[in-house]
Amino acid sequence: MKQGCDQSRIACGLVFCALFMGLSACNFKGFGSGNSTSANAALTTVQVSAFPVGNQRTMSVLNSVAVDADGKIYGVSMRAQQVQIYDRNGDLQNAFGGAGTQPGQFQYPYPLALSHDKLYVPDYYNNRVQIFDTSGNYISSVGAAGNGDGDLNGPAAVAVGLLGQVIVVDQGNNRVEVFNSNGFYSLSFGSFGSSNGQFNNPNAVAVDAAGNIYVSDQYNNRVQVFNSSGSYLATIGSAGSGDGELNSPGGVAIDSSGQVYVADNGNQRVSVFSSSGVWLSNIGSAGLLEGQFSSEFSVSVGADGNIYVPDFGNSQLSVFSASGVYLEGFGPTAAGADGQLNQPTAAAIASNGNIYVSDFNNERVAVFSSGGKFLQNIGIGKLAQPEGLALDSHGNLFVTDFLNNDVAEFDSSGNFIQAIGYGGSGAGQFSMPIAIAIDNSDQIYVSDMGNNRIEVFDDQGNYLKTIGSAGSGNGQFMYPGGLAIDALGDLYVIDQGNVRIMIFDSSGNYKSQFGSLGYGAGQFNSPTGLAIGPSGLMYVGDWVLDNIQVFDASGNYVMTIGSAGAGPDQFAGEQGFAIDSVGNLYVPDDYNCRLQKLSAAGAVLYN
């Protein structure tokens, strides 16, 4: 495994990620499945080229990990909505999940627990905890949406008790709920407030060898301790930045000796306490060097006794001994060289044929000529998590920044012009903007995923209107993703959580929809990318199925392109692709770290 992390990396990860390395040359097997079929031989699309990407190594974005006695790493990728399993060398062994509401699918998985060969995964927006075996096979779930006994409202963490109880942080209800080993409701404790036994945004939980329950009480800046019956016992920490004080604590973990480790996020360190709550030491400090943190999110103790800290700000997983000695880190070995890609997420094609690619983990947009020659990087120092791309009629480039919660605008030479929007839920504000499209009048449409809406701006970046709202009805969204606009000005939106494509007219009025959850022709598992070709055909990429399905203008299925893998015409996490004026597809192949170009005519364009 590679040690260390590029010290120049900008903070990465509203998705609470820790990018840590170990995969072989960024070409691991794709997850999911997909069968390449063709309903029309004349439309058969073949892979004809891939841009050179060098020898970068990457894992998926992970917001928490658990490590077993064999050194196997189980990680939650909130961005991919999956659990991913790696061996002790960091090679991907399996991945399961995907966006959805069915058993085995997730709407934002949160930090998991590993116990007795079972994985317990909080499924935040589906208001349940799902249980799997360590191969990823679904077993059962506990909880349902609500605020009554046994109900959950945003489960944010889980731990397993000595008798197999499933102990769940019910964040939205500011309480902890306990289910017995058979999944039946047993008890709950806590309520909103700041008194002993009350919570304000609890976000982590751990259980010690005596069965006592430790709950991270984020906005009260403390960890509270309860017995197995839910009776309050003690408080660890208080608000502040001194030794033994906490600032927005996140994860909490307990080792075999009873020491308590708290991810002290606001102070960018891990605070260590004795089993009786006495402060012992701090691990790490704020910074970009080895053993330092920039907003760590969680902390866990591996079966080897080492302390694992996913640090999304520094894009690495730091590993420490129980005594706090830094051992190693998993993360990018270096920023990508010019022309290399590290998890590309979107593409756009300029009128002169130049190709723009969102280089997510290198925090930039890479520009290539139509022949695949690297030309320049855009946005270094301005972009944190570039996602969607679009070009206006003047050649200006617009980039959605998932972390900065804005849209960055650059001129045709790559000079920064302005940032449109900022974090929030008001008009013209964003929460996790992910995709972007621009119509013939240069109006800008942005998928505001976290706010479940599409926001529209004029060509100067002034807010105009909002399309849609949260929900599952016609015209409503659950995590809108990819966007496309056809020649008539109709807007097509991937409604990821509801697993469908919705169509709106140029005024933003709902027209129709197509697609459903499934594995058959015309069905989706986790749709992400969307583009419309010059012939009017629609292309929809599926993150989990690792294929692209083609539909006619009425939403009728035409064919499927590609399958999971790392070979030609195979994908591993394709997202926001683009189509040029003659119908060639440019597909950012996320976890294969390349951009594939596919020709509808089958002609070889690059060698």
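Here the residue numbering is sequential within each chain, running from 1 through the sequence in written order. In view of the model being predicted, local features appear only for residues whose pLDDT reaches at least 70, and side-chain atom pairs are presented and counted only at 80 or more, with totals across whole chains, interfaces and linings using the full set of residues. Based on all heavy atoms of the structure, the side-chain values leave hydrogens and waters out of the count.

S.K.: I'm lost on the sheet that holds strand β50 (residues 527–532) in this one. Help?
M.R.: In sheet architecture, strand pairing relies on hydrogen bonds along the backbone and comes in two forms, parallel and antiparallel. Strand order in the open sheet formed by four strands is β50-β51-β52-β53, and the pairing between neighbours is antiparallel. The sheet is open, and its two edges are formed by β50 and β53 (557–561), each paired on a single side. Ignoring which end each strand starts from, the neighbouring axes of this sheet average 20 degrees apart. In this scheme, strands are said to pair when DSSP sees at least two bridges between them. To qualify as a helix, a DSSP run of H or I must reach at least 4 residues; to qualify as a strand, a run of E must reach at least 2; elements of each kind are numbered from the N terminus. Taken together, the five bridges between strand β51 (residues 538–542) and strand β52 (residues 547–551) define a ladder with antiparallel strand orientation. Across the sheet, residue Y539 finds its bridge partner in β52, namely V550. To obtain each axis, a line is fitted to C-alpha atoms, and for helices this fit is confined to the stretch in contact; angles are then taken between N-to-C directions over 0 to 180 degrees.

S.K.: Got a minute to help me understand unusual backbone geometry in this structure?
M.R.: Only a minority of non-glycine residues have a phi that is not negative, and only a minority of peptide bonds are not trans. One non-glycine residue, D442, lies in the positive phi region at around 70 degrees. For D442, the position within the fold is in the loop between β40 (433–438) and β41 (444–448). For the exposure calls, accessible area comes from a 1.4 Å probe over protein chains only, and a residue counts as buried if that area is under 20% of its type's maximum, exposed if over 50%, partly exposed in between. Classification of D442 by relative accessible area gives buried; the value is 7%. The residue V499 is not glycine, and still its phi comes out positive at about 55 degrees. As for its placement among the helices and strands, V499 is situated in the loop between β47 (491–495) and β48 (500–504). Its relative accessible area of 4% is what places V499 among the buried residues.

S.K.: Sorry, what's going on with the pattern of salt bridges here?
M.R.: Should their charged atoms come close, side chains of opposite charge can pair. Definition used for salt bridges: Asp or Glu carboxyl oxygen within 4 Å of a side-chain nitrogen of Lys or Arg. Inspection of the entire model under this criterion finds 10 salt bridges. Where R364 meets D359, a salt bridge forms, and the shortest distance between an N and an O atom there is 2.9 Å. Taking the relative accessible area as the measure of exposure, R364 reaches 4% and is therefore buried. For R500, the salt bridge is made with D495, and the minimal N-O distance between the two is 2.7 Å. For the pair formed by R500 and D495, the shared burial category is buried. Where salt bridges share partners, they join D170, R175 and E177 into one cluster.

S.K.: Any chance you could explain the sheet that holds strand β4 (residues 64–67) here in plain terms?
M.R.: Spatial ordering of the open sheet is given by β4-β5-β6-β7, a layout of four strands whose pairing is antiparallel. Every other strand in the sheet has two partners, leaving β4 and β7 (92–97) as the edge strands with one partner each. Strand-to-strand twist of the sheet, defined as the mean angle between neighbouring strand axes without regard to direction, takes the value 20 degrees. The pairing of β4 with strand β5 (residues 73–77) spans four bridges and is antiparallel. Looking at the pairing, V65 lines up with G75 of β5.

S.K.: Mind showing me how you'd approach the pairing of strand β10 (residues 128–133) here?
M.R.: On a regular strand, one side chain projects to one face of the sheet and the next to the other, so that they alternate. Most of β10 sits inside the fold, with five of its six residues counted as buried. Where strand β9 (residues 118–123) meets β10, six bridges bridge the pair, whose relative direction is antiparallel. Among the inter-strand pairings, Y120 is bridged to a residue of β10, identified as I131. Hairpin connection between β9 and β10: a loop of four residues separates the two successive antiparallel strands, and N127 in this loop has a positive phi of roughly 55 degrees. Pairing between β10 and strand β11 (residues 138–142): four bridges, direction antiparallel. Paired with Q130 across the two strands is S141, which belongs to β11.

S.K.: For this particular structure, what's the right way to read the packing of aromatic side chains?
M.R.: Here the distance between the centres and the angle between the planes together describe a pair of aromatic rings. Two aromatic rings from Phe, Tyr or Trp, using only the six-membered ring of Trp, form a pair when their centres are within 6.5 Å; if the ring planes differ by under 30 degrees the pair is stacked, by over 60 it is edge-to-face, and anything between is tilted. In total, this model carries 23 aromatic pairs according to the counting rule given. Taken together, a centroid distance of 5.0 Å and an interplanar angle of 50 degrees make the contact between F514 and F551 tilted. Residue F514 is located in strand β49 (residues 510–514), and its partner F551 is located in strand β52; the two are separated by 37 residues in the primary sequence. A relative accessible area of 8% means that F514 is categorised as buried. Using a relative accessible area of 1% as the deciding quantity, one classes F551 as buried. Plain terms: the ring middles of F551 and Y557 are 6.2 Å apart, the flat faces sit at 75 degrees to each other, and that makes the pair edge-to-face. Feature note: the residues Y108, Y110, Y124, Y125 and Y479 constitute an aromatic cluster, connected by ring pairs. Only when the NZ atom of a Lys or the CZ atom of an Arg is both within 6 Å of the ring centre and within 35 degrees of the ring normal do we say a charge sits over the ring. The cationic tip of K382 hangs over the ring face of F416; the distance from NZ or CZ to the ring centre is 4.5 Å.

S.K.: Would you mind going over the confidence of the model for the protein with me for this structure?
M.R.: Parts of the prediction with low pLDDT should not have their coordinates interpreted in detail. Across the chain, each position has a pLDDT score giving the predictor's confidence in that residue, from 0 to 100. Looking at the protein, the pLDDT average stands at 84 and 85% of residues meet or exceed 70. Note on residues 1–58: pLDDT is under 50 here. Beyond four places in sequence and across chains, it has 247 contacts. Every residue in residues 601–607 is under pLDDT 50, and counting partners more than four places away or in other chains gives 17 contacts. Throughout, a contact is declared for two residues whenever any of their heavy atoms are within 4.5 Å.

S.K.: For this particular structure, what's the right way to read the nonpolar core?
M.R.: Side chains that are nonpolar tend, in soluble globular proteins, to be buried together. Counting 37 residues, the largest nonpolar core has Y108, F189, V205, Y445, I454, L483 and L491 as the members making the most contacts within it. Contacts of V205, omitting those with residues within four sequence positions, involve A157, V158, A159, I167, V169, I213, Y214, V215 and V252. Joining through side-chain atoms within 4.5 Å is the link that ties buried Ala, Val, Leu, Ile, Met, Phe, Trp, Tyr and Cys residues into a set, and such a set is a nonpolar core.

S.K.: Help me understand the side chain of D490, please; the structure alone is not making it clear to me.
M.R.: Secondary-structure assignment places D490 in the loop between β46 (480–485) and β47. Here a polar contact is recorded for every N or O atom pair within 3.5 Å, except that within protein the pair must consist of a potential hydrogen donor and a potential acceptor, and residues adjacent in sequence are included only if both atoms are side-chain atoms. Side-chain polar atoms of D490 contact the side chain of K511, separated by 2.8 Å. Among all residues touching D490, those that are not within four sequence positions of it are A484, I485, I503, F504, D505, S506 and K511.

S.K.: Can you walk me through the pairing of strand β20 (residues 222–226) in this structure?
M.R.: With respect to burial, β20 is a largely interior element, five of its five residues being buried. Burial of β20 is two-sided: the residues R222, Q224 and F226 facing one way and the residues V223 and V225 facing the other way are all buried. Two strands pair when backbone bridges link them, and strand β19 (residues 213–217) and β20 are joined in this way by five bridges, in the antiparallel orientation. For Y214, the partnering residue across the bridge sits in β20 and is V225. Joining the antiparallel neighbours β19 and β20 is a turn of four residues, in which N221 adopts a positive phi near 55 degrees. Looking at chain direction, β20 and strand β21 (residues 232–236) are connected through four bridges and run antiparallel. Paired with Q224 across the two strands is T235, which belongs to β21. Connecting β20 to the next strand, β21, in antiparallel fashion are five residues, including G230 with a positive phi near 90 degrees.

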